[in-house]
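Observations on the model geometry
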Amino acid sequence: MSARDLAVAITIAVALLVLLAMFVAWRRRIRRDSVFTAPLGVPEHAEVSRRDEVLYVSTTRHDQPLERLAVSPLAYRARGELALTDRGFALCLDGAPTVFLSKDRLKAVDRATVTIDRVVESGGLVRIAWSVDDDTVVDSYLRLTTGDPKNLISDMQRLVPAAPDTGATS
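Residues numbered from 1 in each chain as written. Predicted model: local features only at pLDDT ≥ 70, side-chain atom pairs only at ≥ 80, totals over all residues. Heavy atoms only, no water.

Turning our eyes to something else, we now look at the overall build of the chain. In terms of helices and strands, the chain carries 2 helices and 10 strands. When the helices and strands of the chain are read in sequence order from the N terminus, they spell out α-β-β-β-β-β-β-β-β-β-β-α. For the chain, whose C-alpha radius of gyration is 20 Å, the value lies well above the compact-globule estimate of 15 Å for 170 residues. Its C-alpha atoms put the chain at 75 × 35 × 35 Å along the principal axes. Each of the 170 residues in the chain was classed as buried or not, and the buried ones make up 36%. (Helix = DSSP H or I, 4+ residues; strand = E, 2+ residues; numbered from the N terminus. Rg over C-alpha atoms; globule rule 2.2 N^0.38 Å. Buried < 20%, exposed > 50% of the residue type's maximum accessible area, 1.4 Å probe, protein only.)

Right under this line is the structure:
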């Protein structure tokens, strides 16, 4: 075996080890996050006010845009459609069941520039903060494929419930 053949064999072995490590790490993340599931299905009689083509980018821990969560069925990036209804947001992604984020789960909607493995122009992502369960808030990131995200965000923010008044004065 020549030195060149040995170098090629070592390079292939290292590449296979890296791919195996990535596969094992992703499977571990899916197992770790299997406790989180996004709500599925759209309620009956929900009136759709707007539809937009989007790219679903990721879901992360709240205010930690580099800590990806594999929330089922939002584990993988996908193209899809975001439908705004009078009861919340429906996210219809290619190859996945429809996720519905009702008004009572929503915490905030705003713009973002960075999330795990994605950096875009300033404010190019739509960030939706929502409750995946009673104790956990997550951020899901979308990229609008056509149009201006400002209009979409203002329409979405109308569905976010106002923070309760605690009666505190400053």
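Structure shown, so let's carry the discussion forward.
Structurally, the position occupied by serine 140 is in strand β10 (residues 137-144). With 117 residues separating them along the chain, serine 140 and phenylalanine 23 place their C-alpha atoms 23 Å apart. In this view, serine 140 contacts Tyr56, Ser58, Thr59, Leu74, Val126, Arg127, Ile128 and Trp130; residues no more than four positions away in its chain are not counted. At a separation of 2.9 Å, a polar atom in the side chain of serine 140 contacts the side chain of tryptophan 130. (Contact = heavy atoms within 4.5 Å. Polar contact = N/O pair within 3.5 Å; in protein donor to acceptor, adjacent residues only side chain to side chain.)

With that out of the way, let us pick up the packing of aromatic side chains. Applying the stated criterion across every chain yields a total of 1 aromatic pair. Each ring, one from tryptophan 26 and one from tyrosine 76, has its centre 5.6 Å from the other, and the planes form 50°; the classification is tilted. With tryptophan 26 in helix α1 (residues 3-32) and tyrosine 76 in the loop between β2 (64-68) and β3 (78-85), this pair connects stretches of sequence that are 50 residues apart. (Phe/Tyr/Trp six-rings, centres within 6.5 Å; stacked < 30°, edge-to-face > 60°.)

Attention now moves to the side chain of aspartate 52. Along the polypeptide, aspartate 52 turns up in strand β1 (residues 48-61). By relative accessible area, aspartate 52 is classed as buried at 9%. Here the side chain of aspartate 52 touches arginine 50 through a polar contact of 2.5 Å, side chain to side chain.

Another point: the pairing of strand β4 (residues 88-93). Buried residues dominate β4, accounting for 5 of its 6 residues. As judged from the 6 bridges shared by β3 and β4, these two strands associate in the antiparallel manner. Among the inter-strand pairings, alanine 83 is bridged to a residue of β4, identified as alanine 90. Where β3 hands over to β4, the hairpin turn is made up of 2 residues, counted between the paired strands. Across 4 bridges, the pairing between β4 and strand β5 (residues 99-102) is antiparallel. (Pairing = 2+ DSSP bridges.)

All right, on to a nonpolar patch on the surface then. Taken together, the side chains of Met1, Leu6, Val8, Ile10, Ile12, Val14, Leu16, Val18, Leu19 and Met22 make up a nonpolar region of the molecular surface, amounting to roughly 1,000 Å² of accessible area. The exposed category is assigned to methionine 22, whose relative accessible area is 53%. (Patch = residues over 30% accessible without salt bridge, like charges linked within 9 Å, V, L, I, M, F, W, Y side chains within 5 Å. Areas by Shrake-Rupley, 256 points an atom, 1.4 Å probe, with all protein chains shown as cover. Salt bridge = Lys/Arg side-chain N within 4 Å of Asp/Glu carboxyl O.)

Each full turn of the α-helix corresponds to 3.6 residues, which orients residues three or four apart in the same direction. Within the span of helix α2 (residues 149-157), buried status applies to Pro149, Leu152, Ile153 and Met156. Buried residues of α2 fall within an arc of 95° about the axis and therefore sit on the same side. On its buried face, α2 sits against β1, β3, β4, β6 (106-112), β9 (125-131) and β10. (Arc of directions from axis to C-beta.)

So far we have only geometry, and geometry alone does not tell us how the molecule works.
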